[in-house]
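# An overview of the molecular structure
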Amino acid sequence: MAKQDQLHRFLFEQHAVRGEMITVDETFHHILQNHDYPEAVKGLLGELLVATSLLTATLKFDGDITVQIQGDGPVKLAVINGNNLQQMRGVARVDGPVVAGSTLKQMIGNGFIVITITPKQGERYQGIVAIEGNSIEESIDAYFRQSEQLPTRLFIRVGELDGKGIAGGMLLQVLPAAENSSHEFFDHLVQLTATIKGKELSELDIKEVLHRLYHEEDVTLYDPQSVEFRCTCSRERCEASLITLSNEDVMEILHKDGKIDMECEFCGTHYVFIESDIEGLNNERNQQLH
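Each chain has its residues counted from 1, running along the sequence as written. Local features are withheld for residues below a pLDDT of 70 in this predicted model, meaning they are given only at 70 or higher, and side-chain atom pairs are given and counted only at 80 or more; totals for whole chains, interfaces and linings count all residues. Think of the side-chain values as coming from all heavy atoms in the structure, minus any hydrogens and water.

Heads up, the rule is: UniProt positions are given in the numbering used here, feature names are shortened, and annotations may be inferred rather than shown by experiment.
Looking up the protein in an unreviewed UniProt entry gives the name 33 kDa chaperonin, with the organism given as Providencia rustigianii DSM 4541. In UniProt, the protein has this text filed under Sequence similarities (unreviewed entry): "Belongs to the HSP33 family." The UniProt entry for the protein carries the following comment under Function (unreviewed entry): "Redox regulated molecular chaperone. Protects both thermally unfolding and oxidatively damaged proteins from irreversible aggregation. Plays an important role in the bacterial defense system toward oxidative stress."

## A closer look at helix 4 (residues 136-146)
Stated formally: Relative accessibility under 20% of the residue-type maximum defines a buried residue, over 50% an exposed one, and the middle range a partly exposed one, all with a 1.4 Å probe and only protein chains included. Here a helix means four or more residues in a row that DSSP labels H or I, a strand means two or more in a row labelled E, and each is numbered from the N terminus.
Of all the 11 residues making up helix 4, 8 are buried; the element is thus mostly covered by neighbouring parts of the structure. Residues I136, E137, S139, I140, D141, A142, Y143 and F144 constitute the buried set of helix 4.

## So, the packing of aromatic side chains
Worth spelling out the cut-off: Two rings belonging to Phe, Tyr or Trp (six-membered ring only in the last case) form a pair when the distance between their centres is within 6.5 Å. Interplanar angles under 30 degrees mark stacking, angles over 60 mark edge-to-face geometry, and anything in between is tilted. Charges are assigned to positions over rings by a cutoff of 6 Å between ring centre and Lys NZ or Arg CZ, combined with an angular limit of 35 degrees from the ring normal.
Within the structure shown, the criterion is met by 5 aromatic pairs. Each residue in the set F10, F12, F185 and Y214 is aromatic and connected to the rest through ring pairs, giving one cluster. One cation-aromatic arrangement involves R89 over F266; the distance from NZ or CZ to the ring centre is 3.8 Å. The cationic tip of R235 hangs over the ring face of F273; the distance from NZ or CZ to the ring centre is 4.1 Å.

## Some remarks on the layout of surface pockets
So the rule is basically this: Grid spacing is 1 Å over the protein atoms alone, the probe is 1.4 Å, and a cavity is where that probe fits but cannot get out, while a pocket is an open set with protein on both sides within 12 Å along at least five of seven lines and lining residues have an atom within 4 Å of a point. Grid points are joined across faces, edges and corners, and a volume is the space filled by probe spheres set on the points. Classification convention: Asp, Glu, Lys, Arg as charged; Ala, Val, Leu, Ile, Met, Phe, Trp, Tyr, Cys, Pro as nonpolar; all other residues, Gly among them, as polar.
For the largest pocket, the calculated volume is near 290 Å³. Considering the residues around the largest pocket, the lining is formed by 13 residues, among which L32, E39, K42, E160 and G165 are closest to the centre. Broken down by secondary-structure element, the contributors of at least two residues to the lining of the largest pocket are helix 1 (25-32), helix 2 (39-57), strand 8 (152-161) and strand 9 (164-174). Taken together, the residues of the lining of the largest pocket sort by class into 3 nonpolar, 6 polar and 4 charged.

Dropping the structure here:
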């Protein structure tokens with residue numbers, strides 16, 4: 001039986017450093033299953049999924065977070081969308097050959113990472129992250145360093161185990177108002193945490209992982225939070241987008257194909273509209289105009 005995807009939070013109370021550990025193997029599988037991505041693109045989406053989940057857990061808000069990579073290489077877009085409930089979905093758009101073993105730079109070309117945070121209450125925030133090094137991990141670590149926020153490090157592990165993709169990671173962050181000694185201890189923790197392997201994250205219990213890494217430290221572990229694949233598409237959303245089109249455009253598509261088939265690029269669900277459905281939408285559009 002597959003291990004349930006979970007986010008675990010923990011704290012080094014004596015040193016004012018917090019941590020997170022995430023496993024998203026099943027969520028990763030759901031994101032990939034409706035697509036035929038090249039292997040390198042699968043790995044990229046896995047890295048992005050782990051990073052987004054870990055970043056979401058650092059935010060104290062109700063709402064959504066979207067982390068997307070845009071570039072001029074064969075991978076035009078890779079995006080993961082999640083929320084404070086750790087409900088995640090993602091997709092990539094590939095326009096050109098991506099050979100096995102391609103680096104981040106070879107896939108994206110000249111590009112950047114956009115982090116968009118949309119709380120249910122309050123202002124929307126967007127940050128632009130330059131792509132540095134050859135991984136999402138390096139780019140986001142550089143972003144934290146340059147933005148002069150709390151010392152933060154991500155550790156992302158994506159690979160394969162028994163023929164199936166695995167994805168997980170860890171995050172360390174110094175708490176606000178921590179003493180200088182915490183910053184020194186943080187560097188020590190970074191060296192320990194960097195030894196973690198993807199297989200260990202996928203197979204071992206959280207307590208065993210923490211013991212292996214930090215057996216000399218006093219660590220407080222909190223209750224886990226479930227992580228899952230969840231798509232927000234719906235027939236109602238498709239109807240709302242159709243209503244924004246002119247009646248002429250809608251009828252042209254309908255008469256050409258005999259139906260309008262809208263497929264969600266995240267989960268692959270099809271929403272089919274026939275002529276009687278469109279007539280109902282036209283009546284709704286007319287009511288809105290009057």
